[in-house]
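Structural description and commentary
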Amino acid sequence: MDKDFAARRRRDLIIAAVLAAIAALTPLFVKDVVVQNILILTLMYAGLSQSWNILSGYCGQISLGHALYFGLGAYTTELLFTKFGVLPWFGMLAGGVVSALIAMGLGYPFFRLRGHYFVIATIVIAEIGLLLFHNWEWAGAAMGITIPIRGDSWLKFQFLRTKLPYFYFALALCCLAWFVTWWLENSKWGFWWRAVKDNPDAAESLGVDVFNSKMGAAAVSAFLVAVGGSFYAQFVSYIDPESVMGFQFSLLMALPAVLGGIGTLWGPVLGAAILIPLTELTRFKFGGSGRGVDLIVYGTLIVLISLALPRGLLSLFSRPKKTGAAR
Amino acid sequence: MGLLYGLIAVGLALIFGLMDVTNFAHGEFLMIAMYLSFFLFAFFAIDPLLSAPLVAAGLFIFGAVIYLLIVRFAMRAKANAGMVQIFTTFGLAIVMRGLAQFFFTPDYRSIPQSWLGGKTISIGGIFLPEPQLVGALVSIAAFAGLYFFIHRTDFGRAIEATREDPGAVALVGIDKNRVFAFGWGLGAALVGLAGAIMASFFYIYPDVGASFALIAYVTVALGGFGSVFGAFAGGIIVGLVEATTALVLPPSLKSVGIYAVYLLVVFIRPRGLFGSI
């Protein structure tokens, strides 16, 4: 069984490398800017969802407040950039660290909560963040921040003429999140998380450090999401509280994982690959009417999928599910 | 206002207490109720105050149908049950919002010159807006009725029993689905009542539910999931906190006070004030 597991992990790594290579080559064939845009968003959400999956999928602490970390990443980067001229690369790291610290700070009180109490607390805390940024004059309040254009360079992480660098960064982010998940899956933490998810009390009694392993998951998850946030800020070059910390991001991070298969290595990638193009296309096709048809289509899909495939799309592929393989 | 929050929340609390499902489309139920009473006013000139029972009845049917059509299946999921319920009701909320936009357009509407709108009444020198006052009275009556219903009638006992042990209840010949559908209907009817009252003094638009939903969840969690009395108390606390925050902070920050108090309470008592289990 251990040999099986090792083989599966090697296989996963190879598949990931092949997929990444294929993805890296797509811009050679896809020149259409609209399509490139969709690809970038898909990769970004795959990465975000993968990061969300670490805390919510593997560790079982369902968070619907990850928009907070996304927004913090975006704001930290852009405030440092516009107010102090700090390069986005450092801002990105700073955003990640800030988010991870805040996630851990919140972890102290939050991880005592269970089930719905935890979910609602995460929504509430993200909402508080949103309201605070809305009223914070120095950070642009409701007006937000327009990121000044300082030229076309990797150094400043701004690209005016082509979207390709954004594409490659999104790809790198997605790969990073995937690799971190892959790596953690087989670490001490990974095993602890699954134990905590299945039965926290039993895990505790077997000597699993429940609290610290949740903290670890929260920190890693928040860090990666914040990096995604600062990428998004540079990509759209304008942020306001609603557009980076709104509830829809918490949802959009969770949905691909839920759709593809929560708590699995490939779920978020698969989910994002299907969901994001679909979202963008429905918005593209019906969104212009302003009459909410895109919402209807989108919502119906969510309902149908979560009813029909509680384990996610990935469950369609797994042979008579050998859950033991993961343990 | 606090009592109205309580009334919105108690339907949620009922549904949660009954079957451990959080209805994330609760705000959209409220939205539907407001539109319903708006159209009753627009087409038949029925004042929201009079149409409230009609709206509640309509929502009762709506809630029961939603349960039978959708939620029933969400509760069957064995894997990731929590996730399935959250996302099914979320998806439902999105669909409902989309439908509202589609049929009613995103315009803001309001009911002009209802019996209650814009009037104030003076009691012992304190001026109170009439709609809120009536809302408070209706809420208290609804709470009392619900409390009585759950604790004193056979059907209420059936609900309680089904919550405790769905398996055993089936043996005694109680149809779980009927009880649950009834529970959903009742929860929806309560929010329908709240919606009808609010329609007389609040703007009505497709996203209106969303702004109240979070407060409703907070109210329920504050009082403790599954406790009707908790939702009542939670509603009062939320109303008071909101009024106090409005005095010291800019209006746009008034809900921060509510959230902060909620977080404080839950950190001290992770099960809410009156939550069991």
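Residues numbered from 1 in each chain as written. Chains lettered and ligands numbered in written order. Predicted model: local features only at pLDDT ≥ 70, side-chain atom pairs only at ≥ 80, totals over all residues. Heavy atoms only, no water.

Check the secondary structure of chain A and you find 13 helices and 2 strands. Within the span of chain A, comprising 327 residues, buried residues form 54% of the whole. Pairs at least 24 apart in sequence give 76% of the contacts found in chain A among residues at least 6 apart. Put simply, chain A shows about 14,000 Å² of open surface, and 69% of that area lies on carbon and sulfur atoms. (Helix = DSSP H or I, 4+ residues; strand = E, 2+ residues; numbered from the N terminus. Buried < 20%, exposed > 50% of the residue type's maximum accessible area, 1.4 Å probe, protein only. Contact = heavy atoms within 4.5 Å. Areas by Shrake-Rupley, 256 points an atom, 1.4 Å probe, with all protein chains shown as cover.)

To continue, consider the overall build of chain B. Along the backbone of chain B there are 11 helices and 2 strands. Seen in sequence order, chain B has helices and strands lined up from the N terminus as α-α-α-α-β-β-α-α-α-α-α-α-α. Summarising the internal contacts of chain B: among those between residues at least 6 apart in sequence, 76% fall at separations of at least 24. A total of about 11,500 Å² of accessible surface is found on chain B, and carbon and sulfur atoms cover 69% of it.

Attention now moves to helix α8 (residues 176-199) of chain B. Compared with the 34 Å implied by 1.5 Å per residue over 24 residues, the 34 Å span of α8 of chain B between its first and last C-alpha is a close match. The element α8 of chain B is largely enclosed, with a buried count of 20 among its 24 residues. (Expected span 1.5 Å × (residues − 1).)

Moving on, we come to a nonpolar patch on the surface. Residue and element names in this part refer to chain A. Taken together, the side chains of Ile14, Ile15, Val18, Leu19 and Ile22 make up a nonpolar region of the molecular surface, amounting to roughly 430 Å² of accessible area. Here Leu19 shows up in helix α1 (residues 2-29). Leu19 sits in the partly exposed class, given a relative accessible area of 42%. (Patch = residues over 30% accessible without salt bridge, like charges linked within 9 Å, V, L, I, M, F, W, Y side chains within 5 Å. Salt bridge = Lys/Arg side-chain N within 4 Å of Asp/Glu carboxyl O.)

This next bit is on helix α7 (residues 188-198) of chain A. Residue and element names in this part refer to chain A. For α7, the complete set of buried residues consists of Gly190, Trp193, Arg194 and Val196. Across the axial projection of α7, the buried residues extend over an arc of 160 degrees, all falling on one side. Residues of α7 that are buried in the fold lie against α2 (33-58), α6 (164-185), α8 (200-205) and α9 (210-236). (Arc of directions from axis to C-beta.)

Where the model shows low pLDDT, its predicted coordinates should not be examined in detail. Residues and elements named next belong to chain A. A residue-level look at chain A finds 87% of positions with pLDDT of 70 or above and a mean pLDDT of 76. Across chain A, element-level confidence peaks in helix α3 (residues 67-84) with a mean pLDDT of 82 and bottoms out in α8 with 72. Note that pLDDT drops below 50 for residues 319-327; the model gives that stretch 9 contacts with residues more than four away or on any other chain. (pLDDT = per-residue confidence, 0-100.)

Our next topic: the state of the cysteines. Disulfide: a covalent bond connecting the sulfur atoms of a pair of cysteines. All names here are of chain A. Considering all chains together, one arrives at 0 disulfides over all chains under this definition. Between Cys174, a cysteine without a disulfide, and Cys175, which holds the nearest cysteine sulfur, the sulfur-to-sulfur distance is 5.6 Å. A relative accessible area of 9% means that Cys174 is categorised as buried. The class for Cys175 is partly exposed, based on a relative accessible area of 32%. (Disulfide = S-S within 2.5 Å.)

Turning our attention to the interface of chain B and chain A. By a frequent convention, interface size equals the accessible area lost on bringing the separate parts together. At the junction of the two partners, chain B supplies 49 residues and chain A supplies 41 residues. Together, the buried faces of chain B and chain A total about 3,800 Å²; carbon and sulfur atoms form 78% of this surface. Counting across the chain B and chain A interface gives 0 residue pairs in polar contact (both at pLDDT 80 or more). Listed by contribution, the elements that provide at least two residues to the side of chain B that touches chain A are α3 (48-74), α4 (81-104), α9 (208-223) and α11 (254-268) of chain B. It is α4 of chain B that provides the largest number of residues to the side of chain B that touches chain A, a total of 16 residues. A class-by-class count of the residues in the side of chain B that touches chain A yields 35 nonpolar, 11 polar and 3 charged. (Buried area = accessible area lost by both parts, 1.4 Å probe. Polar contact = N/O pair within 3.5 Å; in protein donor to acceptor, adjacent residues only side chain to side chain. Nonpolar A, V, L, I, M, F, W, Y, C, P; charged D, E, K, R; others polar.)

All names here are of chain A. Where α2 meets helix α11 (residues 247-260), the axes come as close as 8 Å, and the angle between the chain directions of the two elements is 85 degrees. By the angle between their directions, the pair α2 and α11 is classed as roughly perpendicular. Together, Tyr45, Leu48, Ser49, Trp52 and Asn53 of α2 and Phe249, Leu252, Met253, Ala254, Pro256, Ala257 and Val258 of α11 make up the contact between the two elements. (Axes fitted to C-alpha atoms, helices over the stretch in contact; angles between N-to-C directions. Parallel < 35°, antiparallel > 145°, perpendicular 65-115°, else oblique.)

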